[in-house]
Amino acid sequence: MTAPTVEAAINDLMDRAWNVVYDLLSERGLLGDGLDVEEYTGIHSWVDGLTRYTVVHSQAVAVLFADTRPVDAVVFHHDLLGADDPKAFFTVPG
């Protein structure tokens, strides 16, 4: 179980743009695991310039948000969280 504030942040991001998240997961063939919002239990956030990037992840899938807009989804692996630039694992639009 995650802390209530972490859970609230995950739900806020995922619920706000669930249709876009669903489309990203579908486009990348990631709909199998990690489809239910309740399965997303991890969050990692940082500021780069004027943009806040946030990775929300389940055990199988990671979704990258730029501010509150989902921009990409990938298969989750733990190296992503310890990386100097986690967004390098994703395709970030120009």
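Values in this document were obtained by computation on a predicted structure and should not be read as measured data.

Quick look at helix 1 (residues 4-16)
Point 1. Taking 1.5 Å as the rise per residue, helix 1 with 13 residues should run 18 Å; its terminal C-alpha atoms sit 18 Å apart, in good agreement.
Point 2. In the core, the buried residues of helix 1 are packed alongside helix 2 (18-27), strand 1 (42-48), strand 2 (51-57) and strand 3 (61-66).

Points about unusual backbone geometry
Point 1. Phi angles above zero are rare outside glycine, and Asp-67 is one such case at about 60°.
Point 2. The class of Asp-67 is partly exposed, set by a relative accessible area of 40%.

Brief notes about the pattern of salt bridges
Point 1. All told, the structure shown has five salt bridges when counted by the stated rule.
Point 2. For Glu-27, the salt bridge goes to Arg-28, with nearest N and O atoms at 2.9 Å.
Point 3. The partner of Asp-48 in a salt bridge is Lys-87, and the shortest N-O contact between them spans 2.5 Å. Of this pair, Asp-48 sits in strand 1 while Lys-87 sits in the segment after helix 3 (79-82), placing them 39 residues apart in sequence.
Point 4. Note on Lys-87: relative accessible area 16%, which makes it buried.

Quick look at the side chain of His-57
Point 1. Following the sequence through the fold, His-57 ends up in strand 2.
Point 2. With residues up to four places along the chain from it excluded, the contact list for His-57 reads Glu-39, Tyr-40, Thr-41, Gly-42, Ile-43, Ala-62, Phe-76 and Leu-81.

Some remarks on helix 2
Point 1. Listed in full, the buried residues belonging to helix 2 are Val-21, Leu-24 and Leu-25. Projected down its long axis, helix 2 carries its buried residues within an arc of 95°, all on one side. Exposed residues lying more than 90 degrees from the buried face of helix 2 are Asn-19 and Glu-27.
Point 2. For helix 2, the secondary structure elements touched by its buried residues are helix 1, strand 3 and strand 4 (69-75).

Some details on the nonpolar core
Point 1. Formed by 13 residues in total, the largest nonpolar core has its most connected members in Met-14, Leu-25, Tyr-40, Val-56, Val-63 and Phe-65.
Point 2. Of all the secondary structure elements, the ones that give two or more residues to this core are helix 1, helix 2 and strand 3.
Point 3. Not counting the four nearest positions on each side in its chain, Val-56 is found in contact with Ile-10, Leu-13, Met-14, Tyr-40, Gly-42, Ile-43, Val-61, Ala-62, Val-63 and Phe-65.
Point 4. In this structure, Tyr-53, Leu-64, Leu-80 and Phe-90 belong to the second largest nonpolar core, which totals 11 residues.

Scoring rules and cut-offs
Note that residues are indexed from 1 along each chain, following the sequence as it is written. Since the coordinates come from a predicted model, pLDDT governs what is reported: local features require at least 70, and pairs of side-chain atoms require 80 or more to be given and counted, while whole-chain, interface and lining totals use all residues. Excluding hydrogens and water, the side-chain values take into account all heavy atoms of the structure. Going along the chain from the N terminus, every DSSP run of H or I of four or more residues is numbered as a helix, and every run of E of two or more is numbered as a strand. Expected span of a helix, by definition, is 1.5 Å for each gap between consecutive residues, and there is one gap fewer than residues. In what follows, residue pairs with any heavy atoms lying within 4.5 Å of each other are defined as contacts. Any residue under 20% of the maximum accessible area for its type is buried, any over 50% is exposed, and the rest in between are partly exposed; the area is computed with a 1.4 Å probe on protein chains only. A side-chain nitrogen of Lys or Arg and a carboxyl oxygen of Asp or Glu constitute a salt bridge if their distance falls within 4 Å. Starting at the helix axis, one direction is taken to each C-beta atom, and the arc is that of these directions. Joining through side-chain atoms within 4.5 Å is the link that ties buried Ala, Val, Leu, Ile, Met, Phe, Trp, Tyr and Cys residues into a set, and such a set is a nonpolar core.

The values are spatial; any link to function lies outside them.
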